[in-house]
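# Observations on chain architecture
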Amino acid sequence: MASRTRTRTLSRITKALLAPALALGVTVGVASAPASAAVWNTCDQYGNTSLNGYTLYNNIWGGTPSTPAGPQCTWANSGTNWGTWANHPNTGGIKSYPNSKKVINKTITSLGSLSSSYNVTVPSSGAYNTSYDIWDTDYDYEIMLWVNKTGAVGPLGTSQGNVTLGGHTWTVYKGNNGANEVFSFIRTSNSSSGTVNILPILKWIKDTKGWFGNETIGDVQFGFEITSSSGGLDFTTNNLTVSSS
């Protein structure tokens, strides 16, 4: 099972915003882009940009000195059509979470709707999950929605059973990584496209389970949590929309 630690949390939240863009010394950025030239691409460790209301992150946050991450490059035609090429060794532990983020900044009770549609093309090998990562503005709570997974990856915490919410059936896990509570919803079968009605999931956590109160939802991220992709694999978000009212 992939471990989730305070380092992972701080890397996603803080390093992508504060750390300098550290070049990895690779030259595969152009090769990783689609046939038609992307409007943005980067191989920088924490490279990021904003496009049409979304923020994109390359976000190679994982690895250790003894088991370092490999090269990774992210390209984008827009905030909703982007992809990543990654070549991370099969050494265990999450290496990266390239993602696209939409900021919501509304309390759960003030939201009339919060939903997202996704369409991805992912490899049949490697170890990774395709997931939403949803945060409150204080970063006390992390809600992960895994829509597909491949290889030796698993969620943090203990199983709370199955629930059907937001148009999907999930196995729910509850845990703590030392910095925040983590609620992981793992789709019971893999999906490469669909729509998730996120608001009923948040209300179920708040009202049915009482695991948090009327939190203000900050970031809705969608991307690929990559543990290994030996030889170089492509992860593509063909289309993504996040909408709220």
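An account of the accompanying structure is given in this report.

A few words on the overall build of the protein chain. Within the protein chain, the secondary structure is distributed over three helices and 15 strands. For the protein chain, buried positions account for 53% of its 245 residues. Residue pairs at least 24 apart in sequence account for 70% of intrachain contacts in the protein chain once pairs closer than 6 positions are excluded. Accessible surface for the protein chain amounts to roughly 9,400 Å². Of this, 48% is attributable to carbon and sulfur atoms.

Quick look at the sheet that holds strand β5 (residues 81-86) now. Strand order in the open sheet made by the six strands is β1-β4-β5-β15-β7-β13, with antiparallel pairing throughout. Each having just a single partner strand, β1 (40-42) and β13 (193-197) make up the two edges of the open sheet. For this sheet, the mean inter-axis angle between neighbouring strands, taken without regard to orientation, is 20 degrees. Relative to strand β4 (residues 72-78), β1 runs antiparallel, the two sharing three bridges. Residue pairing across strands places T42 opposite T74, the latter belonging to β4. Sheet strands in contact with helix α3 (residues 198-209) are β7 (114-121) and β13, and its direction is about 45 degrees off that of β13.

Another point: the packing of aromatic side chains. Counting across every chain of the model gives 15 aromatic pairs. Consider the rings of F183 and F212, whose centres lie 6.0 Å apart with planes at 65 degrees: the pair is edge-to-face. On the criterion of sequence distance, the pair formed by F183 in strand β12 (residues 181-187) and F212 in the loop between α3 and β14 (216-228) is long-range, its members being 29 residues apart. Classification of F212 by relative accessible area gives buried; the value is 6%. Clustering of aromatic rings is evident, with ring pairs tying together W82, Y118, Y128, Y132, F222, F224 and F235.

How each quantity is defined
Residues numbered from 1 in each chain as written. Predicted model: local features only at pLDDT ≥ 70, side-chain atom pairs only at ≥ 80, totals over all residues. Heavy atoms only, no water. Helix = DSSP H or I, 4+ residues; strand = E, 2+ residues; numbered from the N terminus. Buried < 20%, exposed > 50% of the residue type's maximum accessible area, 1.4 Å probe, protein only. Contact = heavy atoms within 4.5 Å. Areas by Shrake-Rupley, 256 points an atom, 1.4 Å probe, with all protein chains shown as cover. Pairing = 2+ DSSP bridges. Axes fitted to C-alpha atoms, helices over the stretch in contact; angles between N-to-C directions. Phe/Tyr/Trp six-rings, centres within 6.5 Å; stacked < 30°, edge-to-face > 60°.

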